[in-house]
Amino acid sequence: MAASAYHFARHAVRNYFVATIMVLTIVVFCLTCPNFFSLGNLLDITKQGGLLSLLALALTMVLIVGGMDMSVGAIYDICTNFCAGMIINGYGLVLSVAISAAAGIGFGIFNMIMIVFVRVPPFIATVGTMFVVTGLTFAYNKGQSILLSNQPDFFALAQGATCGVPNIVIIVAVVTAILAVCMRRFRFGLYMYATCGNPMAAKAAGINTALAQLIAYGMSGFLSGLGGVLAASYSS
């Protein structure tokens, strides 16, 4: 009996190490902070974690094809500045959000071109993109924070709530669900998994691995751009 319990615990720790640490951390906070499980605190945690969740999803898309993307944070920052700057300049909510998300996709596709066609290693290519995009961000905002005011519709995008649930949580949940379905039920999702598992076998099977990587890096850029838009709405 003791041996079985030991093997079960060892298996659980080996396969669910991160989840185990998270559960233990929550238990510690619950014991030391009586208000940790209060509704207000849980809502604050989910809202603040929503932005990081989008970046995590962006990285997940690239990791699925066996790639790496060090530029997601820089793309996130520049799209935050793009969106805020365009709204201040009167481009409107829809156009500002659309252009910012499109900019994220563009940077993602640039990464893919450097990696697939120029054959720069993913780490080097995306670190280079990170520095270039960071420089563009400073050139765009002149090193100053772009502050928004009197934009209630835009602020409601990330700061508002629907039926008591923060909008940012709803957006992240919907995006996560769509990606989960696409990756498991659609052909391009399976192609992305195959590209990572065995690129040579995938090519031999007729899978366009370059297209799979294009989709992955494009989605990574889009999710980073969407996170930037929500950051502009949330932090203003």
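Refer to the structure printed above.
Here is what the cut-offs are and how they apply
Residues numbered from 1 in each chain as written. Predicted model: local features only at pLDDT ≥ 70, side-chain atom pairs only at ≥ 80, totals over all residues. Heavy atoms only, no water. Core = buried A, V, L, I, M, F, W, Y, C linked by side-chain atoms within 4.5 Å. Buried < 20%, exposed > 50% of the residue type's maximum accessible area, 1.4 Å probe, protein only. Helix = DSSP H or I, 4+ residues; strand = E, 2+ residues; numbered from the N terminus. Contact = heavy atoms within 4.5 Å. Phe/Tyr/Trp six-rings, centres within 6.5 Å; stacked < 30°, edge-to-face > 60°. Salt bridge = Lys/Arg side-chain N within 4 Å of Asp/Glu carboxyl O. Axes fitted to C-alpha atoms, helices over the stretch in contact; angles between N-to-C directions. Parallel < 35°, antiparallel > 145°, perpendicular 65-115°, else oblique. Left-handed = near helix turned anticlockwise from the far one by under 90°. Nonpolar A, V, L, I, M, F, W, Y, C, P; charged D, E, K, R; others polar.

Peer 1: What's the story with the nonpolar core in this structure? I'm lost.
Peer 2: Grouped burial of nonpolar side chains is what soluble globular proteins tend to show. Ranked by size, the top nonpolar core spans 24 residues in total, and within it L54, M61, V175, L179, M192 and L223 carry the most contacts. Among the elements of the structure, α3 (39-64), α4 (72-88), α8 (167-185) and α11 (209-235) are those that each provide at least two residues to this core. In this structure V175 touches L54, L57, L223 and L226, once residues within four positions along its chain are discounted.

Peer 1: Help me understand the packing of aromatic side chains, please; the structure alone is not making it clear to me.
Peer 2: The geometry of an aromatic ring pair comes down to the distance between the two centres and the angle between the two planes. With the rule as written, the count across this model stands at four aromatic pairs. Measuring from ring centre to ring centre gives 5.1 Å for F82 and Y140, while their planes differ by 90°; the resulting arrangement is edge-to-face. Residue F82 is located in helix α4, and its partner Y140 is located in helix α6 (residues 122-141); the two are separated by 58 residues in the primary sequence. Looking at Y140, the relative accessible area reads 32%, which means it is partly exposed. Relative to F188, the ring of F186 lies with its centre 6.2 Å away and its plane at 45°, an arrangement referred to as tilted. By relative accessible area, F188 is classed as partly exposed at 27%.

Peer 1: What is the right way to look at the side chain of T129 in this model?
Peer 2: Among the secondary structure elements, T129 is positioned in helix α6. Given a relative accessible area of 3%, T129 falls into the buried group. The residues touching T129, leaving out its near neighbours within four places in the chain, are S71, F110 and N111.

Peer 1: How should I be thinking about the pattern of salt bridges in this particular structure?
Peer 2: Note that side chains of opposite charge can pair when their charged atoms are close. Tallying each qualifying case throughout the model produces one salt bridge. Between K47 and D44 there is a salt bridge, with the nearest N and O atoms lying 3.9 Å from each other. Taken together, the residues K47 and D44, both in helix α3 and three residues apart, mark about one turn of the helix.

Peer 1: Which parts of the structure should I look at to understand the packing of α3 against α11?
Peer 2: The angle between the axes and the distance between the axes are what describe a pair of packed helices. In the contact formed by α3 and α11, the axes pass within 7 Å of each other and the chain directions differ by 170°. In terms of orientation, α3 lies roughly antiparallel with respect to α11. For the pair α3 and α11, the crossing hand works out as left-handed. Side by side, α3 and α11 meet where K47, Q48, L51, L54, L55, L57, A58, M61 and V62 of the first sit next to A216, Y217, M219, S220, L223, S224, L226, G227, L230, A231 and Y234 of the second. Of the residues assigned to the contact of α3 with α11, the class counts are 15 nonpolar, four polar and one charged.

Peer 1: Please clarify how the environment of T209 should be interpreted in this entry.
Peer 2: Considering the arrangement of structural elements, one finds T209 in helix α11. Exposure remark for T209: the relative accessible area of 9% places this residue in the buried category. A C-alpha to C-alpha distance of 9.3 Å links T209 and V116, two positions 93 residues apart in sequence. Those residues in contact with T209, other than ones at most four positions away along the chain, are T195, P199, A202 and K203.

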